[in-house]
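What follows is each chain in one-letter form.
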Amino acid sequence: MTVVPLGLPSVQRPSTPAPATGPLIDTFGRVATDLRVSLTDLCNLRCTYCMPAEGLDWMPRDQKLTPDELTRLLRIGVTRLGITSIRFTGGEPLVVPHLEDVLAATTALQPRPEITLTTNGIGLAQRAAGLRRAGLNRINVSLDTVDPARFAAITRRDRFDDVIAGLHAAKEAGLQPVKVNAVLDPVTGLQDAVALLGFCLENGYQLRIIEQMPLDAGHSWQRDRALSADDILDTLRRHFTLTPDPAPRGSAPAQLWRVHDGTGVVGRVGIIASVSHAFCSTCDRSRLTADGQVRNCLFARDETDLRALLRSGADDDVLEAAWRAAMWAKAAGHGINDPDFVQPDRPMSAIGG
Ligand code: SAM
Ligand code: SF4
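Residues numbered from 1 in each chain as written. Chains lettered and ligands numbered in written order. Predicted model: local features only at pLDDT ≥ 70, side-chain atom pairs only at ≥ 80, totals over all residues. Heavy atoms only, no water.

As annotated in an unreviewed UniProt entry, the chain is GTP 3',8-cyclase from Mycolicibacterium gilvum. Checking UniProt for the chain, the heading Function (unreviewed entry) contains the comment "Catalyzes the cyclization of GTP to (8S)-3',8-cyclo-7,8-dihydroguanosine 5'-triphosphate." Here is the UniProt Catalytic activity (unreviewed entry) comment for the chain, exactly as written: "GTP + AH2 + S-adenosyl-L-methionine = (8S)-3',8-cyclo-7,8-dihydroguanosine 5'-triphosphate + 5'-deoxyadenosine + L-methionine + A + H(+)". (UniProt positions renumbered as here; feature names shortened; annotations may be inferred.)

Draft legend 1. Representation of a nonpolar patch on the surface. On the surface, L42, W58 and V95 cluster together to form a nonpolar patch covering roughly 220 Å² of accessible area. Along the polypeptide, V95 turns up in the loop between β2 (85–89) and α2 (99–107). (Patch = residues over 30% accessible without salt bridge, like charges linked within 9 Å, V, L, I, M, F, W, Y side chains within 5 Å. Areas by Shrake-Rupley, 256 points an atom, 1.4 Å probe, with all protein chains shown as cover. Salt bridge = Lys/Arg side-chain N within 4 Å of Asp/Glu carboxyl O. Helix = DSSP H or I, 4+ residues; strand = E, 2+ residues; numbered from the N terminus.)

Draft legend 2. Spatial organisation of the sheet that holds strand β7 (residues 241–244). Here 12 strands make up an open sheet; going across it, the order is β7-β8-β9-β6-β5-β4-β3-β2-β1-β10-β11-β12 and the pairing mixed. Two strands lie at the open edges of the sheet, namely β7 and β12 (304–305), each paired on one side alone. Here strand β10 (residues 285–288) pairs with strand β11 (residues 293–295) via two bridges, running antiparallel. Directly across from R287, in β11, lies its bridge partner R295. Of the strands in this sheet, β5 (179–183), β6 (206–210), β8 (255–261) and β9 (264–272) touch helix α6 (residues 189–203), which is tilted by about 155 degrees from β6. The strands touched by helix α9 (residues 316–328) are β1 (34–38), β10, β11 and β12; relative to β11, the strand with the most contacts, the crossing angle is about 30 degrees. (Pairing = 2+ DSSP bridges. Contact = heavy atoms within 4.5 Å. Axes fitted to C-alpha atoms, helices over the stretch in contact; angles between N-to-C directions.)

Draft legend 3. Molecular detail of the site of ligand 1. Of all residues adjacent to ligand 1, which total 18 residues, the nearest are Y49, G91, E92, S142 and M213. At a separation of 3.2 Å, an oxygen atom of ligand 1 approaches a polar backbone atom of T119. Here a nitrogen atom of ligand 1 and a backbone polar atom of M213 are 2.8 Å apart. The fraction of the free accessible surface of ligand 1 (540 Å²) that becomes covered by protein chains is 96%. Tallied by class, the residues present in the shell around ligand 1 amount to six nonpolar, 10 polar and two charged. (Near = heavy atom within 4 Å. Polar contact = N/O pair within 3.5 Å; in protein donor to acceptor, adjacent residues only side chain to side chain. Nonpolar A, V, L, I, M, F, W, Y, C, P; charged D, E, K, R; others polar.)

Draft legend 4. Representation of the site of ligand 2. Close to ligand 2 lie C43, L45, C47, C50, M51, G91 and N120. In terms of residue class, the shell around ligand 2 is built from five nonpolar, two polar and no charged.

Draft legend 5. Seen up close, the layout of surface pockets. Looking at the second largest pocket, its volume works out to about 370 Å³. Secondary-structure elements contributing two or more residues to the lining of the second largest pocket are β1 and α1 (67–81). The class makeup of the residues in the lining of the second largest pocket is 10 nonpolar, five polar and three charged. (1 Å grid on protein atoms, 1.4 Å probe; cavity = no way out; pocket = protein on both sides within 12 Å on 5 of 7 lines; lining within 4 Å. Points joined across faces, edges and corners; volume = space filled by probe spheres on them.)

Draft legend 6. Up close: the environment of R307. Structurally, the position occupied by R307 is in helix α8 (residues 306–311). On the basis of relative accessible area, R307 is assigned to the buried category, the value being 15%. In sequence terms R307 and V163 are 144 residues apart; their C-alpha atoms lie 33 Å from each other. If we skip the residues at most four places from it in the chain, R307 touches Q63, L65, D291, G292 and Q293. (Buried < 20%, exposed > 50% of the residue type's maximum accessible area, 1.4 Å probe, protein only.)

Draft legend 7. Highlighting the UniProt feature "binding site: [4Fe-4S] cluster 2" (unreviewed entry) in the chain. In the numbering used here, UniProt assigns the feature "binding site: [4Fe-4S] cluster 2" (unreviewed entry) to C280, C283 and C297. A maximum C-alpha distance of 9.3 Å places the annotated residues, which cover 18 residues in sequence, within one compact spot. Lining the largest cavity, from the set of annotated residues above, are C283. Tracing the backbone shows C283 in the loop between β9 and β10. Since its relative accessible area comes to 14%, C283 is described here as buried. If we skip the residues at most four places from it in the chain, C283 touches R30, V31 and K330. Here C297 is to be found in the loop between β11 and β12. When near neighbours in sequence (up to four residues on either side) are disregarded, C297 contacts R287 and H334.

Draft legend 8. Representation of helix α3 (residues 124–134) within the structure. Listing the buried residues of α3 in full gives L124, R127, A128, L131 and A134. When α3 is viewed along its axis, its buried side chains cluster within an angular range of 135 degrees and face the same direction. Exposed side chains of α3 directed beyond 90 degrees from the buried face belong to Q126 and R133. Against α2, β3 (114–119), β4 (138–142) and α5 (160–172) lie the buried residues of α3. (Arc of directions from axis to C-beta.)

Draft legend 9. A look at unusual backbone geometry. Here the bond from Q110 into P111 is cis, since omega is -5 degrees, no more than 30 degrees from zero. Mapping P111 onto the fold places it in the loop between α2 and β3. In this model, Q176 is joined to P177 through a cis peptide bond whose omega is 0 degrees. Along the chain, P177 falls in the loop between α5 and β5. Phi is positive for R156, which is not a glycine, with a value near 60 degrees. Summarising the element assignment, R156 is placed in the loop between α4 (148–155) and α5. Non-glycine residue H219 carries a positive phi angle of around 50 degrees. Here H219 lies in the loop between β6 and α7 (229–239).

Set out below in C-alpha coordinates:
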(Lines give C-alpha, C1' and ligand atoms only; values in the text may rest on other atoms or scores of the structure.)
(Ligands and ions follow the chains in the order given, each with its own letter.)
Protein backbone atom coordinates (compact mmCIF):
# COMPACT_ATOMS: atom_id res chain seq x y z
CA MET A 1 0.00 0.00 0.00
CA THR A 2 1.19 3.56 -0.71
CA VAL A 3 2.48 5.37 2.35
CA VAL A 4 0.30 8.43 2.74
CA PRO A 5 2.11 11.63 3.72
CA LEU A 6 -0.18 13.47 6.10
CA GLY A 7 -1.05 17.09 5.73
CA LEU A 8 -0.29 17.47 2.02
CA PRO A 9 -1.79 17.14 -0.45
CA SER A 10 -5.17 17.64 1.16
CA VAL A 11 -7.01 17.62 -2.16
CA GLN A 12 -6.61 14.83 -4.66
CA ARG A 13 -7.72 14.99 -8.28
CA PRO A 14 -7.66 11.37 -9.48
CA SER A 15 -6.67 11.10 -13.12
CA THR A 16 -8.00 7.56 -13.53
CA PRO A 17 -11.55 6.42 -12.89
CA ALA A 18 -12.47 4.37 -9.80
CA PRO A 19 -12.34 0.59 -10.24
CA ALA A 20 -15.79 -0.77 -11.16
CA THR A 21 -15.50 -3.83 -8.93
CA GLY A 22 -13.70 -4.97 -5.79
CA PRO A 23 -13.57 -3.12 -2.49
CA LEU A 24 -14.35 0.54 -1.92
CA ILE A 25 -10.86 1.87 -2.50
CA ASP A 26 -9.24 5.30 -2.87
CA THR A 27 -6.22 6.37 -4.90
CA PHE A 28 -3.94 5.89 -1.88
CA GLY A 29 -4.95 2.24 -1.54
CA ARG A 30 -7.09 2.69 1.57
CA VAL A 31 -10.15 0.42 1.64
CA ALA A 32 -13.37 1.68 3.25
CA THR A 33 -15.11 -1.15 5.09
CA ASP A 34 -16.63 0.93 7.90
CA LEU A 35 -19.72 3.00 7.09
CA ARG A 36 -20.91 5.81 9.39
CA VAL A 37 -24.59 6.54 8.84
CA SER A 38 -26.17 9.68 10.21
CA LEU A 39 -29.88 9.08 10.77
CA THR A 40 -30.86 12.66 11.57
CA ASP A 41 -29.43 16.10 12.23
CA LEU A 42 -31.86 16.61 15.14
CA CYS A 43 -30.72 16.35 18.74
CA ASN A 44 -32.10 16.84 22.25
CA LEU A 45 -28.79 18.23 23.58
CA ARG A 46 -26.83 21.28 22.47
CA CYS A 47 -23.19 20.39 23.18
CA THR A 48 -21.13 23.53 22.88
CA TYR A 49 -18.49 21.94 20.61
CA CYS A 50 -21.14 20.60 18.22
CA MET A 51 -24.32 22.72 18.05
CA PRO A 52 -25.23 26.32 18.73
CA ALA A 53 -27.62 27.14 21.59
CA GLU A 54 -30.24 27.98 18.98
CA GLY A 55 -30.59 29.05 15.38
CA LEU A 56 -29.38 26.01 13.44
CA ASP A 57 -31.31 25.31 10.22
CA TRP A 58 -32.66 21.73 10.25
CA MET A 59 -32.76 19.50 7.20
CA PRO A 60 -36.20 19.64 5.61
CA ARG A 61 -38.00 16.37 6.30
CA ASP A 62 -38.51 15.61 2.60
CA GLN A 63 -34.76 15.77 2.03
CA LYS A 64 -34.05 13.01 4.51
CA LEU A 65 -33.77 9.46 3.25
CA THR A 66 -36.83 7.34 3.96
CA PRO A 67 -36.18 4.05 5.77
CA ASP A 68 -36.64 2.20 2.45
CA GLU A 69 -34.17 4.48 0.63
CA LEU A 70 -31.66 4.08 3.43
CA THR A 71 -32.05 0.32 3.51
CA ARG A 72 -31.44 0.15 -0.23
CA LEU A 73 -28.20 2.11 0.09
CA LEU A 74 -27.09 -0.06 3.00
CA ARG A 75 -27.72 -3.15 0.91
CA ILE A 76 -25.58 -1.73 -1.91
CA GLY A 77 -22.86 -0.84 0.58
CA VAL A 78 -22.78 -4.33 2.08
CA THR A 79 -23.42 -6.56 -0.93
CA ARG A 80 -21.54 -4.62 -3.62
CA LEU A 81 -18.97 -2.43 -1.90
CA GLY A 82 -17.60 -4.63 0.86
CA ILE A 83 -18.88 -2.67 3.86
CA THR A 84 -18.48 -4.94 6.91
CA SER A 85 -19.27 -2.57 9.75
CA ILE A 86 -22.04 0.03 10.08
CA ARG A 87 -22.24 2.66 12.82
CA PHE A 88 -25.49 4.59 13.20
CA THR A 89 -25.11 8.08 14.55
CA GLY A 90 -26.49 11.59 14.10
CA GLY A 91 -27.53 14.17 15.38
CA GLU A 92 -29.09 11.93 17.98
CA PRO A 93 -30.08 8.53 16.55
CA LEU A 94 -32.37 7.74 19.49
CA VAL A 95 -34.76 10.53 18.43
CA VAL A 96 -35.40 8.59 15.20
CA PRO A 97 -38.54 6.47 15.67
CA HIS A 98 -37.60 3.96 12.94
CA LEU A 99 -34.15 3.24 14.43
CA GLU A 100 -35.10 -0.30 15.51
CA ASP A 101 -36.57 -1.03 12.04
CA VAL A 102 -33.38 0.16 10.34
CA LEU A 103 -31.31 -2.00 12.70
CA ALA A 104 -33.45 -5.03 11.96
CA ALA A 105 -33.17 -4.45 8.19
CA THR A 106 -29.40 -4.08 8.52
CA THR A 107 -29.20 -7.26 10.58
CA ALA A 108 -30.87 -9.14 7.71
CA LEU A 109 -28.18 -8.14 5.19
CA GLN A 110 -25.80 -10.84 3.98
CA PRO A 111 -22.99 -10.96 4.89
CA ARG A 112 -24.30 -9.49 8.11
CA PRO A 113 -22.31 -6.38 9.04
CA GLU A 114 -21.26 -5.55 12.58
CA ILE A 115 -23.76 -2.95 13.84
CA THR A 116 -22.88 -0.23 16.33
CA LEU A 117 -24.47 2.98 17.58
CA THR A 118 -23.17 6.30 18.89
CA THR A 119 -25.69 8.07 21.11
CA ASN A 120 -25.95 10.67 23.83
CA GLY A 121 -27.81 8.06 25.88
CA ILE A 122 -31.04 9.99 26.46
CA GLY A 123 -33.89 7.48 26.28
CA LEU A 124 -31.46 4.57 26.14
CA ALA A 125 -32.65 3.25 29.50
CA GLN A 126 -36.00 2.41 27.89
CA ARG A 127 -34.63 1.16 24.57
CA ALA A 128 -31.34 -0.66 25.19
CA ALA A 129 -32.84 -4.14 25.41
CA GLY A 130 -34.94 -3.59 22.27
CA LEU A 131 -31.95 -2.25 20.35
CA ARG A 132 -30.01 -5.33 21.29
CA ARG A 133 -32.90 -7.55 20.14
CA ALA A 134 -33.01 -5.66 16.84
CA GLY A 135 -29.39 -6.63 16.21
CA LEU A 136 -27.21 -3.93 17.76
CA ASN A 137 -23.79 -5.36 18.65
CA ARG A 138 -22.09 -2.53 20.53
CA ILE A 139 -22.71 1.02 21.68
CA ASN A 140 -20.79 4.23 22.41
CA VAL A 141 -22.47 6.65 24.80
CA SER A 142 -21.21 10.21 24.95
CA LEU A 143 -20.46 11.66 28.39
CA ASP A 144 -17.94 14.47 28.82
CA THR A 145 -17.95 14.80 32.60
CA VAL A 146 -19.33 13.02 35.67
CA ASP A 147 -20.14 16.34 37.32
CA PRO A 148 -23.90 16.98 36.74
CA ALA A 149 -23.52 20.78 36.80
CA ARG A 150 -20.70 20.71 34.28
CA PHE A 151 -22.69 18.26 32.16
CA ALA A 152 -25.55 20.77 32.08
CA ALA A 153 -23.14 23.58 31.13
CA ILE A 154 -21.50 21.59 28.32
CA THR A 155 -24.70 20.12 26.85
CA ARG A 156 -26.94 23.10 27.74
CA ARG A 157 -29.50 20.59 29.08
CA ASP A 158 -30.04 19.08 32.53
CA ARG A 159 -30.11 15.41 31.46
CA PHE A 160 -27.15 13.88 33.32
CA ASP A 161 -29.24 11.27 35.16
CA ASP A 162 -30.78 10.04 31.88
CA VAL A 163 -27.34 9.37 30.42
CA ILE A 164 -26.17 7.50 33.52
CA ALA A 165 -29.35 5.39 33.44
CA GLY A 166 -28.79 4.74 29.72
CA LEU A 167 -25.25 3.55 30.29
CA HIS A 168 -26.41 1.18 33.00
CA ALA A 169 -29.19 -0.20 30.78
CA ALA A 170 -26.77 -0.76 27.90
CA LYS A 171 -24.55 -2.85 30.15
CA GLU A 172 -27.53 -4.79 31.50
CA ALA A 173 -28.70 -5.46 27.94
CA GLY A 174 -25.35 -7.06 27.13
CA LEU A 175 -24.10 -4.38 24.74
CA GLN A 176 -20.58 -4.91 26.02
CA PRO A 177 -18.06 -3.44 26.11
CA VAL A 178 -20.04 -0.21 26.60
CA LYS A 179 -17.80 2.63 25.48
CA VAL A 180 -17.99 6.18 26.81
CA ASN A 181 -17.03 8.92 24.33
CA ALA A 182 -15.74 12.11 25.91
CA VAL A 183 -14.85 15.42 24.29
CA LEU A 184 -13.14 17.48 26.97
CA ASP A 185 -13.94 21.03 27.93
CA PRO A 186 -10.85 23.24 27.43
CA VAL A 187 -11.08 24.60 30.99
CA THR A 188 -12.30 21.74 33.18
CA GLY A 189 -11.42 18.85 30.86
CA LEU A 190 -8.28 17.51 32.52
CA GLN A 191 -10.04 17.25 35.87
CA ASP A 192 -13.06 15.71 34.11
CA ALA A 193 -10.84 13.13 32.37
CA VAL A 194 -9.47 11.80 35.66
CA ALA A 195 -12.94 11.52 37.20
CA LEU A 196 -14.36 9.96 34.03
CA LEU A 197 -11.70 7.28 33.94
CA GLY A 198 -12.35 6.46 37.60
CA PHE A 199 -16.09 6.25 36.88
CA CYS A 200 -15.58 4.02 33.83
CA LEU A 201 -13.23 1.65 35.64
CA GLU A 202 -15.68 1.36 38.53
CA ASN A 203 -18.59 0.55 36.20
CA GLY A 204 -16.83 -1.60 33.61
CA TYR A 205 -17.16 0.93 30.75
CA GLN A 206 -14.33 1.70 28.30
CA LEU A 207 -13.46 5.38 28.08
CA ARG A 208 -12.59 6.97 24.71
CA ILE A 209 -11.36 10.54 24.91
CA ILE A 210 -11.67 12.41 21.60
CA GLU A 211 -9.69 15.54 20.78
CA GLN A 212 -12.04 18.36 19.97
CA MET A 213 -12.14 18.99 16.20
CA PRO A 214 -13.14 22.05 14.16
CA LEU A 215 -16.64 20.81 13.36
CA ASP A 216 -18.79 23.01 15.60
CA ALA A 217 -21.70 24.82 14.00
CA GLY A 218 -20.42 28.17 15.29
CA HIS A 219 -16.94 27.71 13.72
CA SER A 220 -15.43 28.84 17.02
CA TRP A 221 -12.88 26.00 17.51
CA GLN A 222 -9.43 27.32 18.40
CA ARG A 223 -6.39 25.07 18.21
CA ASP A 224 -4.64 26.65 21.18
CA ARG A 225 -7.71 26.26 23.41
CA ALA A 226 -8.47 22.60 22.68
CA LEU A 227 -6.75 19.99 24.87
CA SER A 228 -4.33 17.71 23.05
CA ALA A 229 -3.94 13.96 23.45
CA ASP A 230 -0.51 14.56 25.01
CA ASP A 231 -1.98 16.92 27.64
CA ILE A 232 -4.65 14.36 28.45
CA LEU A 233 -2.26 11.44 28.65
CA ASP A 234 0.16 13.35 30.90
CA THR A 235 -2.67 14.11 33.29
CA LEU A 236 -4.05 10.57 33.33
CA ARG A 237 -0.57 9.22 33.97
CA ARG A 238 -0.29 11.33 37.11
CA HIS A 239 -3.32 9.50 38.54
CA PHE A 240 -3.24 6.03 36.95
CA THR A 241 -0.61 3.52 35.84
CA LEU A 242 -0.91 3.19 32.08
CA THR A 243 0.94 0.98 29.61
CA PRO A 244 0.41 0.79 25.83
CA ASP A 245 -2.08 -1.91 24.87
CA PRO A 246 -0.14 -4.52 22.90
CA ALA A 247 -3.06 -5.38 20.57
CA PRO A 248 -2.44 -4.20 16.98
CA ARG A 249 -4.23 -0.88 16.40
CA GLY A 250 -5.17 -1.53 12.77
CA SER A 251 -7.48 1.18 11.50
CA ALA A 252 -8.89 2.02 14.96
CA PRO A 253 -8.87 5.76 15.62
CA ALA A 254 -8.08 5.28 19.32
CA GLN A 255 -4.66 4.59 20.73
CA LEU A 256 -5.38 2.17 23.55
CA TRP A 257 -3.79 2.11 26.99
CA ARG A 258 -4.09 -0.53 29.68
CA VAL A 259 -4.87 0.71 33.18
CA HIS A 260 -3.18 -1.15 36.04
CA ASP A 261 -3.58 -1.28 39.78
CA GLY A 262 -1.60 -3.41 42.28
CA THR A 263 -3.50 -6.54 41.16
CA GLY A 264 -3.07 -6.28 37.37
CA VAL A 265 -4.94 -4.77 34.40
CA VAL A 266 -8.21 -3.21 35.56
CA GLY A 267 -9.38 -1.65 32.32
CA ARG A 268 -8.51 0.18 29.13
CA VAL A 269 -8.70 3.76 27.96
CA GLY A 270 -8.43 5.03 24.40
CA ILE A 271 -7.31 8.45 23.22
CA ILE A 272 -8.38 9.63 19.79
CA ALA A 273 -5.83 12.21 18.64
CA SER A 274 -7.62 13.24 15.46
CA VAL A 275 -5.94 16.65 15.42
CA SER A 276 -2.50 16.23 17.01
CA HIS A 277 -1.63 12.74 15.70
CA ALA A 278 -3.93 12.26 12.71
CA PHE A 279 -4.54 8.68 11.59
CA CYS A 280 -5.79 9.46 8.08
CA SER A 281 -3.30 7.06 6.47
CA THR A 282 -5.17 4.07 7.93
CA CYS A 283 -8.70 5.46 7.58
CA ASP A 284 -11.28 2.83 6.57
CA ARG A 285 -14.41 5.01 6.79
CA SER A 286 -17.08 6.12 4.37
CA ARG A 287 -19.97 8.35 5.50
CA LEU A 288 -23.62 8.71 4.55
CA THR A 289 -25.59 11.70 5.80
CA ALA A 290 -29.28 11.67 6.74
CA ASP A 291 -30.05 13.51 3.50
CA GLY A 292 -28.30 10.89 1.40
CA GLN A 293 -24.92 12.46 0.70
CA VAL A 294 -21.79 10.32 0.61
CA ARG A 295 -18.81 12.00 2.26
CA ASN A 296 -15.37 10.44 1.96
CA CYS A 297 -14.09 12.23 5.09
CA LEU A 298 -15.48 14.12 8.11
CA PHE A 299 -13.67 17.15 6.69
CA ALA A 300 -14.61 16.68 3.04
CA ARG A 301 -15.68 19.84 1.20
CA ASP A 302 -17.42 17.81 -1.54
CA GLU A 303 -20.34 15.42 -1.27
CA THR A 304 -21.97 13.00 -3.69
CA ASP A 305 -25.75 13.19 -3.83
CA LEU A 306 -27.05 9.63 -3.76
CA ARG A 307 -30.51 10.85 -2.76
CA ALA A 308 -30.94 12.74 -6.03
CA LEU A 309 -29.80 9.68 -7.97
CA LEU A 310 -32.16 7.42 -6.01
CA ARG A 311 -35.10 9.70 -6.60
CA SER A 312 -34.33 10.09 -10.29
CA GLY A 313 -34.75 6.33 -10.71
CA ALA A 314 -31.06 5.33 -10.85
CA ASP A 315 -30.45 1.60 -10.71
CA ASP A 316 -28.05 -0.11 -8.28
CA ASP A 317 -25.20 -0.04 -10.81
CA VAL A 318 -25.39 3.76 -11.06
CA LEU A 319 -25.57 4.20 -7.28
CA GLU A 320 -22.63 1.85 -6.78
CA ALA A 321 -20.52 3.68 -9.37
CA ALA A 322 -21.28 7.08 -7.81
CA TRP A 323 -20.31 5.83 -4.35
CA ARG A 324 -17.10 4.30 -5.71
CA ALA A 325 -16.20 7.57 -7.46
CA ALA A 326 -16.82 9.54 -4.26
CA MET A 327 -14.43 7.35 -2.27
CA TRP A 328 -11.84 7.21 -5.06
CA ALA A 329 -11.46 10.99 -4.73
CA LYS A 330 -10.69 10.85 -0.97
CA ALA A 331 -7.88 13.22 0.02
CA ALA A 332 -4.72 11.97 1.73
CA GLY A 333 -5.52 13.70 5.00
CA HIS A 334 -8.07 15.93 6.69
CA GLY A 335 -5.82 18.96 6.31
CA ILE A 336 -6.70 20.48 9.72
CA ASN A 337 -3.04 21.32 10.22
CA ASP A 338 -2.57 22.89 6.78
CA PRO A 339 -2.36 26.70 6.59
CA ASP A 340 -5.19 26.79 4.05
CA PHE A 341 -7.56 24.52 6.03
CA VAL A 342 -11.21 25.46 5.67
CA GLN A 343 -13.78 23.98 8.04
CA PRO A 344 -16.61 22.14 6.24
CA ASP A 345 -19.94 23.96 6.09
CA ARG A 346 -21.80 21.07 7.67
CA PRO A 347 -21.50 20.88 11.45
CA MET A 348 -20.74 17.55 13.14
CA SER A 349 -24.42 17.12 14.02
CA ALA A 350 -25.35 17.06 10.31
CA ILE A 351 -22.41 14.89 9.21
CA GLY A 352 -22.47 12.19 11.86
CA GLY A 353 -19.52 11.52 14.13
N1 SAM B 1 -25.58 12.54 19.46
C2 SAM B 1 -24.74 11.38 19.51
C3 SAM B 1 -23.64 11.55 20.53
O4 SAM B 1 -23.43 12.66 20.99
O5 SAM B 1 -23.00 10.56 20.82
C6 SAM B 1 -24.18 11.00 18.17
C7 SAM B 1 -23.68 12.11 17.29
S8 SAM B 1 -22.26 12.98 17.88
C9 SAM B 1 -21.97 14.09 16.57
C10 SAM B 1 -21.01 11.72 17.71
C11 SAM B 1 -19.74 11.95 18.48
O12 SAM B 1 -19.11 13.10 17.96
C13 SAM B 1 -19.96 12.21 19.96
O14 SAM B 1 -19.17 11.33 20.72
C15 SAM B 1 -19.52 13.63 20.15
O16 SAM B 1 -18.94 13.84 21.40
C17 SAM B 1 -18.52 13.79 19.04
N18 SAM B 1 -18.32 15.18 18.63
C19 SAM B 1 -19.25 16.12 18.37
N20 SAM B 1 -18.67 17.29 18.02
C21 SAM B 1 -17.33 17.08 18.06
C22 SAM B 1 -16.19 17.89 17.81
N23 SAM B 1 -16.30 19.17 17.46
N24 SAM B 1 -14.97 17.34 17.95
C25 SAM B 1 -14.83 16.04 18.34
N26 SAM B 1 -15.87 15.22 18.56
C27 SAM B 1 -17.11 15.73 18.45
FE1 SF4 C 1 -26.23 16.27 20.07
FE2 SF4 C 1 -24.28 14.47 19.94
FE3 SF4 C 1 -23.92 16.96 18.97
FE4 SF4 C 1 -24.10 16.63 21.59
S5 SF4 C 1 -22.49 15.78 20.25
S6 SF4 C 1 -25.20 18.18 20.38
S7 SF4 C 1 -25.52 14.97 21.75
S8 SF4 C 1 -25.30 15.45 18.18
